[in-house]
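# Commentary on secondary and tertiary structure
Listed below, chain by chain, are the residues.
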Amino acid sequence: MSQLTLSIIKPDAVQRGLIGDILKMISDAGLKIKAMKMIQLTKEQAEGFYAVHKERPFFNDLVAYMISGPVVVSVLEAEGAIEKYRKLMGATNPEQAEEGTIRKRFALNIEANSVHGSDAPETAAVETSYFFNQLEQVG
Ligand code: ATP
Ligand code: MG
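Cut-offs and rules
- Residues numbered from 1 in each chain as written.
- Chains lettered and ligands numbered in written order.
- Predicted model: local features only at pLDDT ≥ 70, side-chain atom pairs only at ≥ 80, totals over all residues.
- Heavy atoms only, no water.
- Helix = DSSP H or I, 4+ residues; strand = E, 2+ residues; numbered from the N terminus.
- Buried < 20%, exposed > 50% of the residue type's maximum accessible area, 1.4 Å probe, protein only.
- Contact = heavy atoms within 4.5 Å.
- Areas by Shrake-Rupley, 256 points an atom, 1.4 Å probe, with all protein chains shown as cover.
- Lys, Arg positive; Asp, Glu negative; His and termini not counted.
- Charge placed at Lys NZ, Arg CZ, Asp CG, Glu CD.
- Near = heavy atom within 4 Å.
- Polar contact = N/O pair within 3.5 Å; in protein donor to acceptor, adjacent residues only side chain to side chain.
- Nonpolar A, V, L, I, M, F, W, Y, C, P; charged D, E, K, R; others polar.

## Let's talk about the overall build of the protein
- Looking only at helices and strands, one finds seven helices and four strands in the protein.
- Start at the N end of the protein and walk to the C end: the helices and strands fall as β-α-α-β-α-α-β-α-α-β-α.
- Once the C-alpha set of the protein is aligned to its principal axes, its extents read approximately 40 × 35 × 25 Å.
- Residues counted as buried form 46% of the 139 residues belonging to the protein.
- Look at the contacts in the protein between residues 6 or more apart in sequence, and 77% of them connect residues 24 or more apart.
- Looking at the protein as shown, the accessible area adds up to about 7,500 Å², and 53% of this sits on carbon and sulfur atoms.
- Distance from the positive charge centre (15 side chains) to the negative charge centre (18 side chains) of the protein: 3 Å.

## Describing the site of ligand 1
- By nearness alone, 13 residues border ligand 1, and Lys10, Tyr50, Thr92, Glu111 and His116 come closest of all.
- One of the backbone nitrogen or oxygen atoms of Glu111 is found 2.8 Å away from an oxygen atom of ligand 1.
- For ligand 1, the accessible surface in isolation is 580 Å², of which the surrounding protein chains cover 82%.
- When the residues that make up the shell around ligand 1 are grouped by side-chain class, the tally is four nonpolar, five polar and four charged.

Pasting the structure below:
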């Protein structure tokens, strides 16, 4: 069954001009773009998005990084989109990411790791509606 997932091209990748390269990898992997926009997150929006990590030691740094420049958020659709996109992204730490993944190619380090993808159906539902209403999911 077709599934939706939320992608974020993070500030490190937008800043280095990698939007096109990453979207090409997404498209080549068979993930269809349903909705997309470039935004600058506020501190409150970044804190809300990563609220599950608020007790982690890296939380404040993570929020500061996520608001350091614009991001590109999109809703992706495919059969098994969540797992498909997590595979394409590669491991959180780019040193552990497999060849051919977005993070292996582009990530700078465990924090500035170029992309986000939802990790389960429940989080995908919360995250897509965090950024897009029903009418914006046009594709
Ligand atoms: P994301 O949720 O962004 O798709 P992920 O699911 O692979 O990434 P999480 O464990 O959810 O990884 O961590 C969220 C984000 O927090 C990471 O993508 C990374 O930017 C940052 N992060 C995770 N672990 C660390 C760490 N040990 N030090 C610094 N930043 C970290
Ligand atoms: Mg995560």
